[in-house]
Amino acid sequence: MNAPDRYERFVVPEGVSKVSYERDTKIINAASFTVEREDHTIGNILRMQLHRDENVLFAGYKLPHPLQYKILLRIHTASQSSPMQAYNQAINDLDKELDHLKNEFEAELESGLS
């Protein structure tokens, strides 16, 4: 069978960084991020979080091919922000949000077991 091994969907190969950044040379304050070994789950969450930022003019992602395990995330920001700042802020906000969700879940689980 020609299908790649299952671990290739998750394990980032040696020498390849998880996230790479490429500034757009034609549009000011625009950049593309390549996130290795991720799919629609992370792409859509990141896109929606970026849309919450008022400095983000455009945020979108695509999967280049179903057998390529990476997403291409494109961000265009207003002049008072940069795509890298918007990306980092979105990641930090999601981290806080998921920590809060985990804590709430664990609290409910504990209260239900008592």
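Worth saying up front: this structure is predicted, and the values here are computed from it rather than measured.

1. Overview of the layout of surface pockets
Estimates place the volume of the largest pocket at around 200 Å³. Every residue along the wall of the largest pocket is listed here: K18, V35, E38, I42, I45, L46, Y87, I91, L94, D95 and L98. Those elements that provide at least two residues to the lining of the largest pocket are α1 (40-51) and α2 (83-113). Per element, the largest residue contribution to the lining of the largest pocket is five residues, and it comes from α2.

2. Notes on the UniProt feature "domain: DNA-directed RNA polymerase RBP11-like dimerisation" (unreviewed entry) in the chain
Annotation from UniProt places "domain: DNA-directed RNA polymerase RBP11-like dimerisation" (unreviewed entry) at residues 31-103. Secondary structure over residues 31-103 splits into 45% helix and 29% strand, and the C-alpha atoms at its two ends are 34 Å apart.

3. Things to note about a nonpolar patch on the surface
A surface patch of nonpolar side chains, about 360 Å² in accessible area, is lined by Y7, F10 and V11. Its location among the elements puts F10 in the segment before β1 (19-23). By relative accessible area, F10 is classed as exposed at 63%.

What counts and what doesn't
Residues numbered from 1 in each chain as written. Predicted model: local features only at pLDDT ≥ 70, side-chain atom pairs only at ≥ 80, totals over all residues. Heavy atoms only, no water. 1 Å grid on protein atoms, 1.4 Å probe; cavity = no way out; pocket = protein on both sides within 12 Å on 5 of 7 lines; lining within 4 Å. Points joined across faces, edges and corners; volume = space filled by probe spheres on them. Helix = DSSP H or I, 4+ residues; strand = E, 2+ residues; numbered from the N terminus. UniProt positions renumbered as here; feature names shortened; annotations may be inferred. Patch = residues over 30% accessible without salt bridge, like charges linked within 9 Å, V, L, I, M, F, W, Y side chains within 5 Å. Areas by Shrake-Rupley, 256 points an atom, 1.4 Å probe, with all protein chains shown as cover. Salt bridge = Lys/Arg side-chain N within 4 Å of Asp/Glu carboxyl O. Buried < 20%, exposed > 50% of the residue type's maximum accessible area, 1.4 Å probe, protein only.

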